[in-house]
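Each chain, written out:
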Amino acid sequence: MDGPDSQIENAISERLKSLRARAGLTLDELANRSGVSRAMISRIERAEASPTAALLARLSEALGLSLSAFFADDGPTTSPVSRHADQKLWRDPHTGYVRRSVSPPGMPSRVDIVEVDFPPHARVSFPPREESRIMTQHVWLFQGVLEMVIGETIHTLHPGDCLFMDIGDAFDFHNPSDKPARYAVILDRGR
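Residues numbered from 1 in each chain as written. Predicted model: local features only at pLDDT ≥ 70, side-chain atom pairs only at ≥ 80, totals over all residues. Heavy atoms only, no water.

### Points about the side chain of R99
Positionally, R99 belongs in strand β2 (residues 98–101). Here R99 is buried and forms no salt bridge, its nearest opposite-charge partner D112 lying at an N-O distance of 6.5 Å. Engagement of the side chain of R99 in a polar contact is seen with the side chain of S101, the distance being 3.1 Å. (Helix = DSSP H or I, 4+ residues; strand = E, 2+ residues; numbered from the N terminus. Buried < 20%, exposed > 50% of the residue type's maximum accessible area, 1.4 Å probe, protein only. Lys, Arg positive; Asp, Glu negative; His and termini not counted. Salt bridge = Lys/Arg side-chain N within 4 Å of Asp/Glu carboxyl O. Polar contact = N/O pair within 3.5 Å; in protein donor to acceptor, adjacent residues only side chain to side chain.)

In structure tokens form, the structure reads like this:
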């Protein structure tokens, strides 16, 4: 069957192949840069595996991109307005969190805005990435409770709270509650 999940897997597959080719990287070179196995990259490129958020972030960073840039269209910029109905969605196969690319694609901006619906008790861990040391992000919570774990420090966010952070260090998003959390990530790709 060709449902929404297989369409997303096919889109991720094609996008990864295209970006890897554009960067002139072999599977082995991308594997070395990202820390993701060659076999897993190959499975993703053949749409045989759905990457988790952390894995897709590692591949994106190895290609010099944010997750938002990974999902952005390469076509010509048509509008500075990003309509809700046209914004790309992606569901993490491991946690079920849903990521919406809010920023208008193709704009000459270092900033990407993403909206996330994060299920109860979900946790996503991002390893330290040297390539990301030039990036920062704001995490702005709209609904629920969110724990941001950075090293040994836990920042508990409540609706309206906003956390600024560098993203080169290891960090976790964690929803400790029985209710979904909804938040925005405002990512700046360079200082």
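### A short note on the sheet that holds strand β4 (residues 123–126)
Strand order in this open sheet of 4 strands is β4-β9-β6-β7, and the pairing throughout is antiparallel. Across the chains shown, the open sheet's two edge strands, defined by having one partner strand only, are β4 and β7 (153–157). Here the average twist between neighbouring strands, direction ignored, is 15°. Pairing analysis gives 5 bridges linking strand β6 (residues 146–150) to β7, with the strands arranged antiparallel. Bridge pairing in β7 places M148 opposite H155. (Pairing = 2+ DSSP bridges. Axes fitted to C-alpha atoms, helices over the stretch in contact; angles between N-to-C directions.)

### Thoughts on the packing of aromatic side chains
Under the criterion given, the structure shown has 9 aromatic pairs. Between the aromatic rings of W90 and Y97, the centroid separation amounts to 6.1 Å while the plane-to-plane angle is 90°, which identifies the pairing as edge-to-face. Taken individually, W90 and Y97 each receive the classification buried, so the pair is uniform in this respect. With centroids separated by 6.4 Å and ring planes inclined at 55°, the aromatic side chains of F118 and F173 adopt a geometry described as tilted. Note that F118 is positioned in strand β3 (residues 111–118) and F173 in strand β9 (residues 171–174), a separation of 55 residues in sequence. Comparing F118 with F173 shows no difference in burial state: the two are buried. The structure contains a cluster of three or more aromatic residues connected by ring pairs, namely W90, Y97, F118, F126, F171, F173 and Y183. (Phe/Tyr/Trp six-rings, centres within 6.5 Å; stacked < 30°, edge-to-face > 60°.)

That's the geometry; what it means functionally is another story.
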